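One letter stands for each residue in the lines below.
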Amino acid sequence: MLMKSSTQSLTEQLSTRISERIRNRLLAPGARLPSVRQCAQQNGVSPSTVVAAYDQLLAQGLVEARKNRGFFVRESGRAAHAADDEDAPPVDPGLESAAANWSTAHWFAARAAGRAGPGVSPVNATALIRGMFHKISDKPQPGMGVFPPDWLESTFMPAAVRKVTNSRALQDFSLQYGEPLGDAGLRRVLAKKLSTLNVHTVPENIITTVGATHALDIVSRTLLRPGDPVMVEEPGWAVEFARLAALGMHILPVPRRADGPDLEVMARYCEVHKPKLYVSVSVFHNPTGYCLTPGSAHRVLQLANQHNFHVVEDDTYSHIAPEHATRLTALDGLQRTIYVSGFAKILAPNWRIGFMAAPPALVEQLLDTKLLATLTTPALLEKALALCIEQGQLRRHAERIRTRLDAARARSVKLALGAGCTFAAEPVGLFGWVETGVDTDALSQRMLDEGYLLAPGALFHAERKPSTLMRINFATTQEAAFWKTFARVRDEQAR
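The sections below set out a description of the structure shown in this document. Worth saying up front: this structure is predicted, and the values here are computed from it rather than measured.

## A few points about the side chain of Arg 336
And then number 1: Relative to the elements of secondary structure, Arg 336 occurs in the loop between helix 15 (328-332) and strand 8 (337-342).
And then number 2: We note that Arg 336 is buried and unpaired, the nearest opposite charge coming from Asp 332 at a distance of 6.6 Å.
And then number 3: Only 3.1 Å separates the side chain of Arg 336 from the side chain of Asn 305, close enough to count as a polar contact.
And then number 4: With residues up to four places along the chain from it excluded, the contact list for Arg 336 reads Ala 304, Asn 305, Asn 308, Phe 309, His 310 and Val 311.

So this is what it looks like as structure tokens:
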């Protein structure tokens, strides 16, 4: 809340709060700021304070006033004035008369803001990523896609690094580039680990990467060209939509159901668009938690063979999922499928170790793309990770995480139901897909003022549209304080 006793004026506090969100991309370029009246109500200040704060943001070049539409976060390289909105609602006479005694600049700002629409400024995909690096507050963050740091603490990882660095071979592998495919020892261990999931491969068909996202990027840059059609599950991982869009791909959203993708939609896409790739999270799908069924998996693979497209299976949540879960790569035998996973979620986010297992015919092409982007990957951390897996420490660590997550999920679900929410999908895995009953884009901005970063449902669609759903992290929504604040802010918004 803005404090009158602060050394800064209310105007300066409000301006600083908004500017920080813009710089941290919590307010994306092109996002519309709330109207003067809405902002005043949300922050408990007068309209004149809001207008003065917006005026400061205008002077700093962070926002622009678009005639008849309101205030928007400035987009780099665009004209300062947007086209008029002929359908904009009439100017609020109360704001117009209140503006009469202000300066011309203030009056124009108030007039523009008074004519703005709902004033929802959405949290976007990169905001969630930046939220991992720039703390919104000291409170647990419901929108985060990772486990809390204290869940990941261990003694075996530092011990593994010490053992590797004490090796006589340290100087040898530190003074030269690592193996192009990745550390041979780690690839041998990964091949053995994949066999427990019925994904059978050899070390020569495994490529290590700088995290699982890097692996997905290598696949895209190898198999696709700008404009190529790509099928992606919807709702789906917000970062994947943003990443493919940035590469210029034609995204074909496939509705994700409890048993798998909508096969009728996939079949129509295949007939009309001839897609080159299908991106799937088969197990503990993000954000719904759905798991693929064998019947649906077989039909997807039939379509892939019939219409000549590849499937990349992102198994990021394999460490907390059942080994017997249906995986496309296990059924296909890595013929048209590419398996992708990593260790950031379960072990060490900053080690940035991911990998892919690919069909033999694609390995050299994928390796070329890796070499052009990063040359090789850090052998020291790869060797340390191999030790953690070989000695069973990763497996025991994952078991502890699963046990702790089960307890957290039970608490979170009980609190969510008590706050008047329902679940749009069965609560499993790390994430819950929650029905709130209000527009979660607007709710996410109101909750930022309370120190909480939400993941609104609109984020998980290829084309952003209003949603009453949100994704929660069960590990970070166990506190009654969050749900109490959530219920209050939601009810205020509903009124």
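Read on, since the account is not over.
## Considerations on the pattern of salt bridges
In a structure, side chains of opposite charge can pair up when their charged atoms sit close to one another.
And then number 1: Evaluation of the coordinates by the stated rule reveals 19 salt bridges.
And then number 2: The salt bridge involving Arg 221 is made with Asp 217; its shortest N-O contact spans 2.6 Å. Here Arg 221 pairs with Asp 217, and both are found in helix 11 (residues 212-223), just four residues apart, close to one helical turn.
And then number 3: Residue Arg 221 is classed as partly exposed on the basis of its relative accessible area of 46%.

## A look at the nonpolar core
And then number 1: With 67 residues, the main nonpolar core has Phe 147, Ile 320, Phe 343, Leu 347, Trp 483 and Phe 486 as its most contacted residues.
And then number 2: Not counting chain neighbours up to four residues away, the residues in contact with Leu 347 comprise Leu 152, Phe 156, Met 157, Leu 385, Leu 394 and His 397.

## Observations concerning unusual backbone geometry
And then number 1: Residue Pro 235 is reached from Glu 234 by a cis peptide bond, and omega for that bond is 0 degrees.
And then number 2: Here Pro 235 shows up in the loop between strand 4 (229-234) and helix 12 (238-246).
And then number 3: That bond from Asn 286 to Pro 287 is cis: its omega, 20 degrees, falls within 30 degrees of zero.
And then number 4: Examined against the element boundaries, Pro 287 turns out to sit in the loop between strand 6 (277-280) and helix 14 (294-307).
And then number 5: Unusually for a residue other than glycine, Leu 334 sits at a positive phi of about 55 degrees.
And then number 6: Considering the arrangement of structural elements, one finds Leu 334 in the loop between helix 15 and strand 8.
And then number 7: For Leu 334, a relative accessible area of 6% translates into the label buried.

## Some details on the environment of Val 428
And then number 1: Tracing the chain through its elements places Val 428 in the loop between strand 10 (422-423) and strand 11 (431-435).
And then number 2: Expressed as a C-alpha distance, the spacing of Val 428 and Phe 474, which sit 46 residues apart in the sequence, is 9.2 Å.

## Some points on the packing of helix 19 (residues 440-448) against helix 20 (residues 480-494)
And then number 1: Orientation of helix 19 relative to helix 20, taken along the N-to-C sense of each, is 125 degrees, at an axis distance of 10 Å. Classed by the angle they form, the pair helix 19 and helix 20 counts as oblique. Classified by chirality, the crossing of helix 20 by helix 19 is right-handed. The segment helix 19 lies against helix 20, with Ala 442, Leu 443, Arg 446 and Met 447 engaging Phe 482, Thr 485, Phe 486, Val 489, Arg 490 and Gln 493.
And then number 2: Tallied by class, residues from the contact of helix 19 with helix 20 come to six nonpolar, two polar and two charged.

Reading the values: rules and limits
- Residues numbered from 1 in each chain as written.
- Predicted model: local features only at pLDDT ≥ 70, side-chain atom pairs only at ≥ 80, totals over all residues.
- Heavy atoms only, no water.
- Helix = DSSP H or I, 4+ residues; strand = E, 2+ residues; numbered from the N terminus.
- Buried < 20%, exposed > 50% of the residue type's maximum accessible area, 1.4 Å probe, protein only.
- Lys, Arg positive; Asp, Glu negative; His and termini not counted.
- Salt bridge = Lys/Arg side-chain N within 4 Å of Asp/Glu carboxyl O.
- Polar contact = N/O pair within 3.5 Å; in protein donor to acceptor, adjacent residues only side chain to side chain.
- Contact = heavy atoms within 4.5 Å.
- Core = buried A, V, L, I, M, F, W, Y, C linked by side-chain atoms within 4.5 Å.
- Axes fitted to C-alpha atoms, helices over the stretch in contact; angles between N-to-C directions.
- Parallel < 35°, antiparallel > 145°, perpendicular 65-115°, else oblique.
- Left-handed = near helix turned anticlockwise from the far one by under 90°.
- Nonpolar A, V, L, I, M, F, W, Y, C, P; charged D, E, K, R; others polar.

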